[in-house]
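Spelled out, the chains give:
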Amino acid sequence: MAFKELTSRDAAGAELAAKITANELADLGNGEVGYIRKMRSEDVSKKFPQAPDLEPGLDLWGLFGADGTPILLSDSRSSAFFKAAENDLSTVSVH
């Protein structure tokens with residue numbers, strides 16, 4: 001659901017949507033929230049350009065900051081969660 005749909009359900013939400021800028025919205029959660037996303041090795045270079053070439057067909061886990069900044073690439077979901085906790089990030093999974 002889009003931000004405007006979520007915030008237009010009541011008067012307080014509509015007021016927030018009218019006041020918040022795109023930059024402020026993009027900055028929400030930075031340094032506090034991260035997300036963990038399952039990735040295929042074929043897609044790694046798009047998000048982690050510095051990563052070496054990987055064997056195709058591998059399932060990997062990426063940890064990203066709230067703004068999408070790549071933090072970690074791992075072959076273990078639990079390692080991604082551990083790194084997030086180590087960096088004091090609350091995590092959400094993205095499917």
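Here, the structure is the one placed above.
Parameters and conventions
Residues numbered from 1 in each chain as written. Predicted model: local features only at pLDDT ≥ 70, side-chain atom pairs only at ≥ 80, totals over all residues. Heavy atoms only, no water. Helix = DSSP H or I, 4+ residues; strand = E, 2+ residues; numbered from the N terminus. Buried < 20%, exposed > 50% of the residue type's maximum accessible area, 1.4 Å probe, protein only. Contact = heavy atoms within 4.5 Å. Areas by Shrake-Rupley, 256 points an atom, 1.4 Å probe, with all protein chains shown as cover. Pairing = 2+ DSSP bridges. Phe/Tyr/Trp six-rings, centres within 6.5 Å; stacked < 30°, edge-to-face > 60°.

> How do you make sense of the overall build of the protein when you look at a structure like this?
Counting secondary structure elements, the protein contains five helices and four strands. In sequence order, the secondary structure elements of the protein are arranged as α-α-α-β-α-β-β-α-β. When each of the 95 residues of the protein is scored for burial, the buried share is 24%. Considering only contacts in the protein between residues 6 or more positions apart, those separated by 24 or more positions represent 38%. In the form shown here, the protein has an accessible surface area of approximately 6500 Å², with 53% of it arising from carbon and sulfur atoms.

> So what exactly am I meant to see when it comes to the pairing of strand β2 (residues 59–65) here?
Regular strands have side chains that alternate between both faces of the sheet. Extensive coverage of β2 is indicated by the burial of six of its seven residues. Bridging between strand β1 (residues 33–40) and β2 involves seven bridges; their strand directions are antiparallel. Counted as the bridge partner of Met39 is Leu60 from β2. As paired elements, β2 and strand β3 (residues 70–74) share four bridges and run antiparallel to each other.

> What am I meant to see in unusual backbone geometry here?
One non-glycine residue with positive phi stands out, namely Asp88, at about 55 degrees. Here Asp88 shows up in the loop between α5 (77–86) and β4 (90–94).

> Just checking my understanding: could you explain the packing of aromatic side chains for this structure?
In the structure shown here, the tally under the stated rule is two aromatic pairs. Between Tyr35 and Phe64, the aromatic rings sit 5.2 Å apart at their centres with planes inclined by 20 degrees, giving stacked as the arrangement. A residue pair is termed long-range when its members are at least 10 positions apart, and Tyr35 in strand β1 and Phe64 in strand β2 qualify at 29 residues. Note on Phe48 and Phe64: the rings are 5.5 Å apart at their centroids and 50 degrees apart in plane angle, and the pair reads as tilted. Remark: Phe64 occurs in strand β2 and Phe48 occurs in the loop between α4 (44–47) and β2; sequence separation between them is 16 residues. There is no split in this pair, since Phe48 and Phe64 are both buried. One aromatic cluster is present, formed by Tyr35, Phe48 and Phe64 through successive ring pairs.

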